[in-house]
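What the coordinates show
As a plain string of letters, each chain reads:
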Amino acid sequence: MATLRLSELEDEAWRGFLYAHDRIWREIEAGLAPLGVSMAEYSVLALLGEAGRDGMRMSELAKRRLMSTGGFTRLADRLERRGLIERRRSAEDGRGFEAVLTREGRALLRKAWKQHHGDLRRLFFDRLDEDDLRQLTTIWTRLAPEDEDATSSTP
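Figured I'd write up the structure that's included with this text.

Cut-offs and rules
- Residues numbered from 1 in each chain as written.
- Predicted model: local features only at pLDDT ≥ 70, side-chain atom pairs only at ≥ 80, totals over all residues.
- Heavy atoms only, no water.
- Phe/Tyr/Trp six-rings, centres within 6.5 Å; stacked < 30°, edge-to-face > 60°.
- Buried < 20%, exposed > 50% of the residue type's maximum accessible area, 1.4 Å probe, protein only.
- Helix = DSSP H or I, 4+ residues; strand = E, 2+ residues; numbered from the N terminus.
- Pairing = 2+ DSSP bridges.
- Axes fitted to C-alpha atoms, helices over the stretch in contact; angles between N-to-C directions.
- Parallel < 35°, antiparallel > 145°, perpendicular 65-115°, else oblique.
- Contact = heavy atoms within 4.5 Å.
- Nonpolar A, V, L, I, M, F, W, Y, C, P; charged D, E, K, R; others polar.
- Core = buried A, V, L, I, M, F, W, Y, C linked by side-chain atoms within 4.5 Å.
- Patch = residues over 30% accessible without salt bridge, like charges linked within 9 Å, V, L, I, M, F, W, Y side chains within 5 Å.
- Areas by Shrake-Rupley, 256 points an atom, 1.4 Å probe, with all protein chains shown as cover.
- Salt bridge = Lys/Arg side-chain N within 4 Å of Asp/Glu carboxyl O.
- Lys, Arg positive; Asp, Glu negative; His and termini not counted.
- Charge placed at Lys NZ, Arg CZ, Asp CG, Glu CD.
- Left-handed = near helix turned anticlockwise from the far one by under 90°.

Here the focus is the packing of aromatic side chains. In this structure the tally under the stated criterion is three aromatic pairs. Note on phenylalanine 124 and phenylalanine 125: the rings are 5.2 Å apart at their centroids and 80° apart in plane angle, and the pair reads as edge-to-face. A network of ring pairs unites the aromatic residues Trp14, Phe17 and Trp140 as a single cluster.

Moving on, we come to the pairing of strand 3 (residues 97-101). Remember that side chains alternate between the two faces of the sheet whenever the strand is regular. Burial analysis of strand 3 places four of its five residues in the buried class, which makes it a mostly covered element. One ladder, built from two bridges, connects strand 1 (residues 56-57) with strand 3; its direction is antiparallel. Residue pairing across strands places methionine 56 opposite alanine 99, the latter belonging to strand 3. The sheet contact formed by strand 2 (residues 85-89) and strand 3 spans five bridges and is antiparallel. Bridge assignment links arginine 87 to a residue of strand 3, and that residue is alanine 99.

This part is about the packing of helix 2 (residues 39-51) against helix 4 (residues 69-81). What describes two packed helices is the angle between their axes and the distance between those same axes. For the pair helix 2 and helix 4, interaxial distance at closest approach is 11 Å and the crossing angle is 80°. Between helix 2 and helix 4, the angle is such that the two are roughly perpendicular. Counting all contacts with helix 2, which are made through Ala40, Glu41, Val44 and Leu45, the residues of helix 4 involved are Phe72, Leu75, Arg78 and Leu79. Taken together, the residues of the contact of helix 2 with helix 4 break down into six nonpolar, no polar and two charged.

Attention shifts here to the sheet that holds strand 2. Hydrogen bonds between backbone groups are what pair the strands of a sheet, and the pairing can be parallel or antiparallel. Read across the sheet, three strands follow the order 1-3-2 without closing on themselves; strand pairing throughout is antiparallel. Each of the sheet's edge strands pairs with one partner strand only, and the pair in question is strand 1 and strand 2.

Turning our eyes to something else, we now look at the nonpolar core. Formed by 28 residues in total, the largest nonpolar core has its most connected members in Leu45, Leu48, Phe72 and Ile85. Contributions of two or more residues to this core are made by helix 1 (8-32), helix 2, helix 3 (58-64), helix 4, strand 3 and helix 5 (103-123). If we skip the residues at most four places from it in the chain, phenylalanine 72 touches Val44, Met58, Leu61, Ala62 and Met67.

Here we come to a positive patch on the surface. A cluster of basic residues, Arg53, Arg103, Arg110 and Lys111, forms a positive patch on the protein surface. Using a relative accessible area of 53% as the deciding quantity, one classes lysine 111 as exposed.

With that settled, the discussion passes to a nonpolar patch on the surface. On the surface, a cluster of nonpolar side chains totalling about 730 Å² of accessible area is made up of Leu6, Trp14, Phe17, Leu18, Ile139, Trp140 and Leu143. Of all the secondary structure elements, the ones that give two or more residues to the nonpolar patch are helix 1 and helix 6 (130-143). In this structure, phenylalanine 17 sits in helix 1.

Relative to the helices and strands, serine 90 is located in the loop between strand 2 and strand 3. Judged by relative accessible area, which is 4%, serine 90 ranks as buried. With residues up to four places along the chain from it excluded, the contact list for serine 90 reads Arg57, Gly96, Phe97 and Glu98.

A few words now on the packing of helix 1 against helix 5. Closest axis-to-axis distance for the helix 1/helix 5 pair is 9 Å, and the angle between their directions is 150°. Classed by the angle they form, the pair helix 1 and helix 5 counts as roughly antiparallel. Helix-helix and strand crossings are classified by hand; for helix 1 and helix 5 the assignment is right-handed. For the pair helix 1 and helix 5, the contacting residues are Arg23, Ile24, Glu27, Ile28, Gly31 and Leu32 in the first and Ala112, Gln115, His116, Asp119, Leu120, Arg122 and Leu123 in the second. Of the residues in the contact of helix 1 with helix 5, the class split is six nonpolar, three polar and four charged.

These figures capture arrangement, not role.
Structural data, given as structure tokens:
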């Protein structure tokens, strides 16, 4: 069975996206490395930072990170062993667990946010104007799964 080839424009757009993503991801990851934080760890810390002092349910964190529950639990175990998060039984229903940043986690997150945001500006935002950013926002919205809640995006 023959497969349809991508048009030259489609191929250029796809490869451009992959190249830009890979290059930016690697440089951001390298910027976080001196802080001892992986991109996966940073994304969890950032979600908890945005959630505030009440933290977030573990199941919601796993969902927003697009991770399996088991994979996310291992990641949370590492963050907890490092003293960056604390897990507590949910005050709401007592069944689930919530994760909250510790004082050390908040301090590390402030440093990581500063590094991450600086790198994002240098590698991405400073190279685009407001019209470019609006167009990208429209494109990402079009590419989101139809059943995805608009509030479930990550940084």
